[in-house]
Amino acid sequence: MNPAHSGRTLDEILGAVSDETRETIGVLAELLGNAPTAAASPTEFAIRHLGIDRLQLASTRFTGPSTSLAVLGNLLRLEMERHGDVVTVGSPGDGLPPTWSQLDIGPGEKVAVPGRLVAHFPAGTLAAEPLCVTIDDRHWQREFAILSAAVAKPVAERVLTSFQDRLKTSENPLRGRVLEASVNDGCLRITVSPTPTADRAGLVLPASSWAEIDVFLAAATRRREALRRLGLGTNRGMLVAGPPGVGKTHLVRVIAASLAGDFTTILADANSMRHTLADLYAETDTFGPTLVVLDDIDLVLGHRDGGANDGPLADFLAALDGVRQREDILTIATTNDPRSIDPAAQRSSRFDMVVTLPKPDEASRIKILERHLTPLGLALDIGALAAVLDGATGADVKEVIRRAVLEHGSSFTQAQLVEIAESGRWKAALNRRKYL
Ligand SMILES: Nc1ncnc2c1ncn2[C@@H]1O[C@H](COP(=O)(O)OP(=O)(O)OP(=O)(O)O)[C@@H](O)[C@H]1O
Ligand SMILES: [Mg+2]
């Protein structure tokens, strides 16, 4: 080596030149039998550790959505830990050190997963043959690949398939959870949200509505195997309609809670409904059976007007159609007014059923009042209160009681409650949109 460079490693010297120059020098050095001391790229690393030349190197790539990549990263971490004493980790390129990213696996729970690195697994660890695994989670460069000798490519393919199969097991920490989809930097972002605890007892609906909902859920529960056996498809879409405050979002919480564990729930926020719905459905491959919740789609989708607003609707319809290639996907969309949604979005192939939640009748209002007032142990004529609240939604009933507690604490009279209900003072707090 030139004495002028003494004391500096080749990587340090190469650090000052462009990527192309560095790559060229690396190849030349290798051809001359003077390989750099640290591999400049995962490819160089693999060639060195697998003991093969460039022409013998095969790459078996995974292509899939970003959450899959992060969960594969988690599996890679587990394998690196399992074979920790013999695994060698190398630079993801440019002589940079390996990087790790955080995978959100629960409220406040994160696990470090490989972000950018390459790892060599000697023979007898991942497979009988030696293999290298490389990962890069930068969204413009996403990659998860197994590098092997060309003759070992079938082995690499088997290992990649087994990694992908493990996504659908309990080794995937996101499976069966409730997730939120939002948009970050133009890309779909998935985070974990607490699983709701809502049950049916807390939501007062007519028996006919529950019966419809049960028919919808049968695709995920008791009729799933029959549908599958008969080739009828296990995907279902339900549109839940009704005026504000009748319990549409509450219903979604009840359904998400009842399916938790077996189904992964993805709650799409307005931006992700608008911009990343196709990506969101693609993510369902990572989660196995999935419930996709599109709350308040009327905020995002109106009638097709042939104008500039066509984009979101066209994308939405295309994304829903894309569901047909998959299995075990339930979609629930909610809307205040089904007529505000383009008929194309309502066609039966997209939503198999429309369930309209009515405002509660008197008997239902009594049940809702009882649910909230009984714990207070007050001497109240609930039947008379239900009559005063004619036309109120479940949300209205709740707001009246909330207002009474705010004004009078946990002890108030029938007259005070009736006065609040008739005054309309409670309405100021209405329409506060709540999500799960
Ligand atoms: N039928 C009902 N039984 C019990 N509680 C109800 C009922 N309807 C509404 N509520 C209560 O009212 C509140 C608001 O309900 P929710 O947010 O589900 O209404 P929504 O139909 O989604 O309204 P929006 O169209 O404004 O989103 C919730 O706390 C819910 O528990
Ligand atoms: Mg709602």
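None of these values were measured; they are calculated from a predicted model.

Before going further, it helps to examine the overall build of the protein chain. For the protein chain, the helix and strand inventory stands at 16 helices and 13 strands. Long-range pairs, those at least 24 residues apart, make up 72% of the contacts in the protein chain between residues at least 6 apart in sequence.

The terminal C-alpha atoms of helix α4 (residues 66-82) lie 24 Å apart, and with 17 residues this matches the ideal 24 Å at 1.5 Å per residue to within 8%. Looking at α4, one finds that the buried residues are Thr67, Ser68, Leu69, Ala70, Val71, Leu72, Gly73, Asn74, Leu75 and Leu76.

With that settled, consider the confidence of the model for the protein chain. For the protein chain, the mean per-residue pLDDT works out to 85, and 84% of the residues sit at or above 70. Low pLDDT, under 50, characterises residues 29-37; the stretch is placed with eleven contacts to residues that sit more than four places away or in other chains. Note that pLDDT drops below 50 for residues 429-436; the model gives that stretch 15 contacts with residues more than four away or on any other chain.

Turning next to the site of ligand 1. Residues in contact with ligand 1 amount to 21 residues; listed here are only the nearest, Gly247, Lys248, Thr249, His250 and Gly394. The set of elements that each furnish at least two residues to the shell around ligand 1 consists of α8 (248-259) and α15 (394-408). Residue classes in the shell around ligand 1 are distributed as eight nonpolar, eight polar and five charged.

Glancing now at the sheet that holds strand β10 (residues 264-268). The seven strands lie next to each other as β8-β7-β10-β11-β12-β9-β13, forming an open sheet whose pairing is mixed. Edge positions in the sheet fall to β8 (187-193) and β13 (353-356), since each has one partner strand and no second. Strand-to-strand, the axes of this sheet are offset by a mean angle of 25 degrees, without reference to chain direction. As paired strands, β10 and strand β11 (residues 290-294) are joined by five bridges and run parallel to one another. Each residue of the ladder has a partner; that of Thr264, found in β11, is Thr290.

What follows concerns the pairing of strand β3 (residues 99-106). Here seven bridges tie β3 to strand β4 (residues 109-121), and the two strands are oriented antiparallel to one another. Within the sheet, the bridge partner assigned to Asp104 lies in β4 and is Lys110. Linking β3 to β4, which pair antiparallel, is a turn of two residues; within it Gly108 sits at a positive phi near 75 degrees.

Calculation criteria
Residues numbered from 1 in each chain as written. Chains lettered and ligands numbered in written order. Predicted model: local features only at pLDDT ≥ 70, side-chain atom pairs only at ≥ 80, totals over all residues. Helix = DSSP H or I, 4+ residues; strand = E, 2+ residues; numbered from the N terminus. Contact = placed C-beta atoms within 7 Å. Expected span 1.5 Å × (residues − 1). Buried ≥ 20, exposed ≤ 12 C-beta atoms within 10 Å, placed from the backbone. pLDDT = per-residue confidence, 0-100. Near = placed C-beta within 6 Å. Nonpolar A, V, L, I, M, F, W, Y, C, P; charged D, E, K, R; others polar. Pairing = 2+ DSSP bridges. Axes fitted to C-alpha atoms, helices over the stretch in contact; angles between N-to-C directions.

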